[in-house]
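Here is what each chain is made of, one letter per residue.
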Amino acid sequence: MTPGIETTPTEAPAYAPSMRLPVVLFAYSRGIISSRAVARACEEQVTFIALSGDSRPHFTTIAQFVSTLGEQIAPIFAAVLAVCDRQGLIGREMFAIDGVKLPSNAAKHRSGTRADFERHATKMESAAEAMLARHRTEDAQAVEPTLLAKDVARRERLVQDAAELRAWLTRHSDDRRGAKGGVRKSHRTDNESAKMATSKGVIHGYTGVATVDAAHQIIIDAQAHGVGAEHELLRGVVAATAPLCTADTLITADAGYHSEANLRTLADAQVPALMADSAMRQRDARFATQDRYTQLPNPLHDKSRPATKSAFVFSPEDFRYDPVARTGICPAGKSLNRRGAANVTGGHVGELFQGAQRDCGPCPRRAQCLRTPGTTPVRNVAFFRDRVGLDVNSSALMRDRIDAPAGRAQDARRFATVEPVFANLRANERLDRFTLRGRAKVDTQGKLYCLVHNIEKLAKSGYAA
């Protein structure tokens, strides 16, 4: 009997998981994700032939194995993680959480709300009825015109698509809902995926989240979710990594996971955390010149003229504020009008002032005071006096921590910990999309990639099984 092959009572070949898993993991480590490509490699490449025992599995066998691995991947992932821990590769000093949004096997045009699908089905049914009515009119004529076969095929296709869409609406009687109760777009072929905005455009897929230990960049947890808003995922990720945490383990994440609710949850659970907010770099003097590296719009595609911005704009420090008299003076020496009572913004209490139209309009320093002097009529500026709600405002406390030199150093370490891991997964192992449908299957595929990363780390550490 060929090694790596089990025999069923009907004598049909059944490939053992002990053969299939090494083949899939080695294929993923080489950036081979297609089941057909893996099957071809098992016939042509020596290493794959040795791993498969020269059994030459069919591509459907490999695809079915990855799709049905399911919950079996969790114990395998945990076992490799335990080996990494015994080798001293998990330091437990800092865990860095980050995610990547990747497309899946789901077309964008098949997503929408129930109302969108209702309109689409009605439109297809109306088009099919109109075609049928036209055919009947032509059949009633004395001389019957030629009825093109493609018109008949098109009508049949419209009727079939409309019936399938109506059946989907029957099976899914409610819209998907987000964390705040808003309607989230559904998908007709993979209703657990989501439409997401990325820096490279809108995709339909999943967010792959990984938690990385800072000592040797071991991935201690990997998950995939059909959610574009990463802040919804933080609590589940922290709960999954809790067994590996110590009382001093620092949980870090980028601005995508920053929210008052998340910070308060971590504070209530007494979990040490450091989480950047979206304005962190704006407060950091080291990034004062970052705008010079902003990519300019492509003139071949964007014909609109971008708004002209001033090279230098007065900051609030250039305005004079008297907290006792509660008055403000602009750099040109004009008095500002106070707008409303004291307001609280981001844990700060202060007052908002606005320039008068009669002063700002003809002001010679207008170009230095307004970012878009051609469209903005007057200048608004806020002066903050002190802080409020420090005992309940977790976001304000976190800003103080991350703006401190120690906090910035820890955030820099977070960046250096997790970003190279995703660079390895995407560039070297070519994880550029999920090829499956359904959260459970996509989660399995994500864990397989992370498993490959951890095994490579073990190999580099000198571990020999």
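Overview of the confidence of the model for the protein chain
Right, so step 1: Of the residues in the protein chain, 84% reach a pLDDT of 70 or more, and the chain-wide mean stands at 81.
Right, so step 2: Within the protein chain, no element has a lower average pLDDT than strand E1 (residues 5–7), which sits at 48, and none a higher one than strand E11 (residues 250–253), at 94.
Right, so step 3: A low-confidence stretch, residues 1–12 (pLDDT under 50), is modelled with 18 contacts involving residues beyond four sequence positions or located in other chains.

Description of the packing of aromatic side chains
Right, so step 1: Tallied over the full model, the rule gives 5 aromatic pairs.
Right, so step 2: Judged by centre distance (5.0 Å) and plane angle (65 degrees), the ring pair of Phe 26 and Phe 48 falls under edge-to-face. Within this pair, whereas Phe 26 is found in helix H1 (residues 17–29), its partner Phe 48 is found in helix H3 (residues 46–51), the two being separated by 22 residues in sequence.
Right, so step 3: The exposure class of Phe 48 is buried, given its relative accessible area of 0%.
Right, so step 4: A centroid spacing of 5.5 Å and a plane angle of 70 degrees characterise the contact between Phe 353 and Phe 383, whose relative ring orientation is edge-to-face.

Describing empty space enclosed by the protein
Right, so step 1: Within the structure shown, the criterion is met by 3 cavities of 30 Å³ or more.
Right, so step 2: At the level of elements, helix H11 (357–360) and helix H12 (366–369) are the ones that each hand at least two residues to the lining of the largest cavity.
Right, so step 3: The residue makeup of the lining of the largest cavity, split by class, is 12 nonpolar, 2 polar and 5 charged.
Right, so step 4: Estimated volume of the second largest cavity: approximately 110 Å³.
Right, so step 5: Lining the second largest cavity are 15 residues, with Gly 208, Val 209, Gln 223, Gly 446 and Cys 450 sitting closest to its centre.
Right, so step 6: Breaking the lining of the second largest cavity down by element, the ones donating at least two residues are strand E9 (201–213), strand E10 (219–225), helix H14 (405–428) and helix H15 (439–460).
Right, so step 7: Sort the elements by how many residues they give to the lining of the second largest cavity and H15 lands first, with 4 residues.
Right, so step 8: Classifying every residue of the lining of the second largest cavity gives 10 nonpolar, 3 polar and 2 charged.

Overview of the pattern of salt bridges
Right, so step 1: The full count for this structure, using the stated rule, is 11 salt bridges.
Right, so step 2: Residue Arg 92 is joined to Asp 85 by a salt bridge in which the shortest nitrogen-to-oxygen separation is 2.9 Å.
Right, so step 3: What makes Arg 92 partly exposed here is its relative accessible area of 21%.
Right, so step 4: Using a relative accessible area of 30% as the deciding quantity, one classes Asp 85 as partly exposed.
Right, so step 5: The salt bridge involving Arg 283 is made with Asp 277; its shortest N-O contact spans 2.9 Å.
Right, so step 6: Through salt bridges with shared partners, a single network forms among Asp 277, Arg 283 and Asp 403.

A word on the nonpolar core
Right, so step 1: Membership of the largest hydrophobic core comes to 76 residues, with the highest contact counts inside it found for Tyr 28, Ile 97, Ile 219, Leu 425 and Leu 448.
Right, so step 2: Not counting residues within four places of it along the chain, the set of residues in contact with Ile 97 comprises Val 209, Ala 210, Thr 211, Leu 234, Val 237, Val 238, Ile 251, Thr 252, Ala 253, Asp 254 and Tyr 257.
Right, so step 3: Core analysis: the next-biggest nonpolar cluster, separate from the first, contains 10 residues, Phe 117, Ala 121, Met 124 and Leu 165 among them.

Thoughts on unusual backbone geometry
Right, so step 1: Phi at Arg 56 is positive, roughly 50 degrees, even though this residue is not glycine.
Right, so step 2: As for its placement among the helices and strands, Arg 56 is situated in the loop between H3 and helix H4 (59–68).
Right, so step 3: Phi is positive for Arg 92, close to 65 degrees, though the residue is something other than glycine.

Observations concerning H4
Right, so step 1: Turning to H4, its buried residues are Thr 61, Ile 62, Phe 65 and Val 66. What you see down the axis of H4 is that its buried residues fit within an arc of 130 degrees, all on one side.
Right, so step 2: With its phi angle positive at about 50 degrees, Gly 70 sits one or two positions after the end of H4.

The rules we used
- Residues numbered from 1 in each chain as written.
- Predicted model: local features only at pLDDT ≥ 70, side-chain atom pairs only at ≥ 80, totals over all residues.
- Heavy atoms only, no water.
- pLDDT = per-residue confidence, 0-100.
- Helix = DSSP H or I, 4+ residues; strand = E, 2+ residues; numbered from the N terminus.
- Contact = heavy atoms within 4.5 Å.
- Phe/Tyr/Trp six-rings, centres within 6.5 Å; stacked < 30°, edge-to-face > 60°.
- Buried < 20%, exposed > 50% of the residue type's maximum accessible area, 1.4 Å probe, protein only.
- 1 Å grid on protein atoms, 1.4 Å probe; cavity = no way out; pocket = protein on both sides within 12 Å on 5 of 7 lines; lining within 4 Å.
- Points joined across faces, edges and corners; volume = space filled by probe spheres on them.
- Nonpolar A, V, L, I, M, F, W, Y, C, P; charged D, E, K, R; others polar.
- Salt bridge = Lys/Arg side-chain N within 4 Å of Asp/Glu carboxyl O.
- Core = buried A, V, L, I, M, F, W, Y, C linked by side-chain atoms within 4.5 Å.
- Arc of directions from axis to C-beta.

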